[in-house]
Amino acid sequence: MTPTGNSPKILVTGGAGFIGSHTVVSLVEAGFEPVIIDDFSNSERSALAGLRAILGRDVTCYAVDCNDAAAMDDIFQKETPLGVIHFAAYKAVGESVAKPLKYYRNNLDPLLLLLELMPKHNVKNLVFSSSCTVYGQPEELPVTEETPRLPAQSPYGNTKSIGEDILRDAVRAQIPVKVMALRYFNPIGAHPSAQIGELPLGVPANLVPFITQTAAGIRSSLTVYGDDYNTPDGTCIRDYIDVMDLADAHVQALRKLNEDTTEASYDVINIGTGRGETVLSVIKTFEEATDVKVNYVIGPRRPGDVEQVYADVSKANNVLGWTARRSLAESLRDAWQWQQKISL
Ligand code: UD1
C-alpha cells in the first residue's frame, strides 16, 4: 500500500501510542493519509515497525513534542492537513496526583496551541480524546452525554474535563473549528495481526494488561480490587471497548466533521459498547477465550474506583453511524496474542 499523494492528510498527535497507532491503521484503510506527531515519551518506536508490517509501507512520523510551537507550526505549513486527531496526553491517574503540574502542562498546552494553529492554517476538523472519567460515578446508568460531569477525582481526569471546556468555549467564541470530543470508556484489545497493541510502562494499572501479563507469568497474580460492590458478583463494572472499534469511531467522527458546513461546532460522544462487564466476568471470558488460567486474588477496593459505569451509545449510533462490533472474547484474544508476541 502506498500513499496516493492526494489522500487527505490527518495529523495524529500521539499516533505511536495505543489508540493512536490503531487509528492510523483505520485512517489508511479509510483512504486518509495519517501523519504522526509523537515525542515517544510514552510510546515506542517499535509501533512504527508494527504499522509498517500491517500497512506494507511507512507512515510519515515527526518525532516532535506537541508543546513545540515552532515545530508544530512547520508541520501544519508543510502538511496542509484536513484535520487533526489529538491523542497526545499523559494518562497515569496515580502519577497525575503526585505530579499535577506535569499533567496540566502536557495535556492542556498542546490543545491551546492546536486551537491557535488550526485557524492560522485554515484547518477545521478536530477530534479530541476525552474519557468517561468525566462522569465519575453517575447516578443513572447507562450514561448519556447529557449526564452531568462530576468533579474530577484526579488531575488526569481534570485535564480531560478542562480540555472539553476549552474546546466548548473556543467554539462559543466562534473560533473556526469543528470539534468532536470522544469520551472513551475502557479501551482494550490489539490489532488482530499482533503487530501493534498496548505497551504499558512498568507495572500496568489497567485491568487487561495486568491480566495478560499474569497469564504470561510476568506477574505472579492479579489482585481484583474489591468484591463487595453492589453488582451481581461484587466486582466493579466497566464498558470495555475494542481499540479497533474505537479507532473506527475516530474515522467516522472525522468524516462527520468534514461534512459539517458550519463555521464552528462542538459535540461530545460516548464511545463504548453499551455493555457493562464485571472484573470477574472479564477474567472468566479471558480464560475461556484463550484457554489460559489467570491466577487472581481478591483484594481491597482501589481508592478512587467508581462502582459501575457503562455507556449509552445511541448518540454514537445516530450521529456517527458507528457501533462497536467486536466481542469481549475477541478483544481479549487479540490482547493475549499481542502479549505473547511482546513476551518473546
Ligand atoms: C482507569 C482510570 C481512568 C482512565 C482509564 C484509562 C483509575 C481510577 N481510572 O479507568 O481515569 O480514564 O483507566 O484507561 O485509574 N482492576 C482490578 N485489578 C487490577 C486493575 C484493575 O481489579 O489490577 C479493576 C478496577 O478496579 C476496575 C477495572 O478493573 O474496576 C478496570 O480498571 P482499569 O483498567 O484501571 O480502568 P478504570 O479504573 O476504569
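Rules used throughout
Residue positions are given per chain, counted from 1 along the sequence in the order it is written. Only residues with pLDDT of at least 70 are given local features in this predicted model, and only at 80 or more are side-chain atom pairs given and counted; all residues enter the totals for whole chains, interfaces and linings. To obtain the side-chain values, all non-hydrogen atoms of the structure were included, while hydrogens and water were left out. A molecule or strand has a residue near it when one of that residue's heavy atoms lies within 4 Å. In the analysis that follows, any N or O atom pair within 3.5 Å is treated as a polar contact, provided that within protein one partner can donate a hydrogen and the other can accept it, and provided that, for residues neighboring in sequence, both atoms belong to side chains. Working definition of accessibility: Shrake-Rupley area with a 1.4 Å probe, residue cover restricted to the visible protein chains. Secondary structure elements follow DSSP: runs of H or I of four or more residues count as helices, runs of E of two or more count as strands, with numbering from the N terminus. Charged means Asp, Glu, Lys or Arg here, nonpolar means Ala, Val, Leu, Ile, Met, Phe, Trp, Tyr, Cys or Pro, and polar covers whatever is left, Gly included. For each residue, the accessible area found with a 1.4 Å probe, counting protein chains only, is set against the maximum for its type, and the residue is called buried under 20%, exposed over 50%, and partly exposed in between. By the convention used here, strands pair only if DSSP detects at least 2 bridges between them. Angles here are taken between N-to-C directions and fall from 0 to 180 degrees, while the axes themselves are lines fitted to C-alpha atoms, restricted in helices to the stretch in contact. The labels follow the angle: roughly parallel below 35 degrees, roughly antiparallel above 145, roughly perpendicular from 65 to 115, and oblique for the rest. Crossings are sorted by hand: turned counterclockwise from the far helix by less than a right angle, the near helix makes the crossing left-handed, and turned clockwise it makes it right-handed. Only heavy atoms enter the contact rule, under which two residues are in contact if any of them lie within 4.5 Å. Stacked, edge-to-face and tilted labels apply to pairs of Phe, Tyr and Trp rings (six-membered ring for Trp) whose centres lie within 6.5 Å, assigned for plane angles under 30 degrees, over 60, and everything in between, in that order.

Would you explain the site of the ligand in this entry?
Near the ligand, the surroundings consist of 19 residues, among which Leu207, Thr223, Arg238, Arg302 and Asp305 are the closest. Threonine 223 is positioned such that a nitrogen or oxygen atom in its backbone is 2.7 Å from a nitrogen atom of the ligand. Considering the ligand on its own, with 740 Å² of exposed area, one finds that the protein chains cover 87% of that surface. Mapped onto the shell around the ligand, the elements with two or more residues apiece are α7 (207-215) and β8 (222-225). For the shell around the ligand, the leading source of residues is β8, giving four residues. Within the shell around the ligand, the residues separate by chemical class into eleven nonpolar, five polar and three charged.

Would you mind showing me how to read the pairing of strand β11 (residues 265-271) here?
In regular strands, side chains alternate between the two faces of the sheet. Within β11, five of the seven residues are buried, which leaves it mostly tucked inside the rest of the structure. Note: strand β6 (residues 178-184) against β11, seven bridges, orientation parallel. By the bridge assignment, tyrosine 184 is partnered in β11 with isoleucine 271.

Help me out: how do you make sense of the packing of α7 against helix α9 (residues 279-290) in this one?
Angle between the axes and distance between the axes are the two parameters that describe a pair of packed helices. Relative orientation of the contacting elements α7 and α9 amounts to 40 degrees, with a least axis distance of 11 Å. In this view, α7 runs oblique relative to α9, as classed from their interaxial angle. Like other packed secondary-structure pairs, α7 and α9 cross with a definite hand, here right-handed. Along its contact with α7, which presents Leu207, Val208, Ile211, Thr212 and Ala215, the element α9 presents Val279, Val282, Ile283 and Phe286. Each residue belonging to the contact of α7 with α9 can be placed in one class, and the counts come to eight nonpolar, one polar and no charged.

Could you clarify how one ought to interpret unusual backbone geometry in this entry?
Trans peptide bonds make up the majority, and among non-glycine residues the majority have a negative phi. Here the amide bond leading from leucine 141 into proline 142 is cis, since omega sits at -5 degrees, within 30 degrees of zero. Mapped onto the fold, proline 142 is located in the loop between β5 (125-131) and α6 (155-172). Although it is not a glycine, glutamine 174 adopts a positive phi angle of roughly 65 degrees. As for its position among the elements, glutamine 174 is in the loop between α6 and β6. By relative accessible area, which is 53% here, glutamine 174 ends up exposed. In this structure, alanine 194 takes a positive phi of about 60 degrees despite not being glycine. Using a relative accessible area of 6% as the deciding quantity, one classes alanine 194 as buried.

Whenever I open this one, the packing of helix α1 (residues 18-29) against helix α8 (residues 243-259) confuses me. Can you help?
One way to put it is that α1 packs onto α8 with a least axis distance of 8 Å and a crossing angle of 60 degrees. Considering their axes alone, α1 and α8 lie oblique with respect to each other. Once α1 is placed against α8, the crossing between them reads as right-handed. Within the contact between the two elements, α1 uses Phe18, Ile19, His22, Thr23, Ser26 and Leu27 and α8 uses Val243, Met244, Leu246, Ala247, Asp248, His250, Val251 and Leu254.

Any chance you could explain the environment of cysteine 132 here in plain terms?
By secondary structure assignment, the location of cysteine 132 is in the loop between β5 and α6. On the basis of relative accessibility, which here comes to 10%, the residue cysteine 132 falls in the buried class. Taking the C-alpha atoms as reference points, cysteine 132 and proline 209, separated by 77 residues in sequence, lie 19 Å from one another. Those residues in contact with cysteine 132, other than ones at most four positions away along the chain, are Arg183, Tyr184, Phe185 and Asn186.

Looking at this model, I keep getting lost on the packing of aromatic side chains. Mind explaining?
Each aromatic ring pair is described using two quantities: the centre-to-centre distance and the angle formed by the ring planes. By the definition in use, this model includes three aromatic pairs. Between phenylalanine 286 and tryptophan 336, the aromatic rings sit 5.7 Å apart at their centres with planes inclined by 80 degrees, giving edge-to-face as the arrangement. With a gap of 50 residues between them, phenylalanine 286 in helix α9 and tryptophan 336 in helix α11 (residues 328-343) connect regions that are remote in the sequence. Here the two residues phenylalanine 286 and tryptophan 336 agree in accessibility, since each one is buried.

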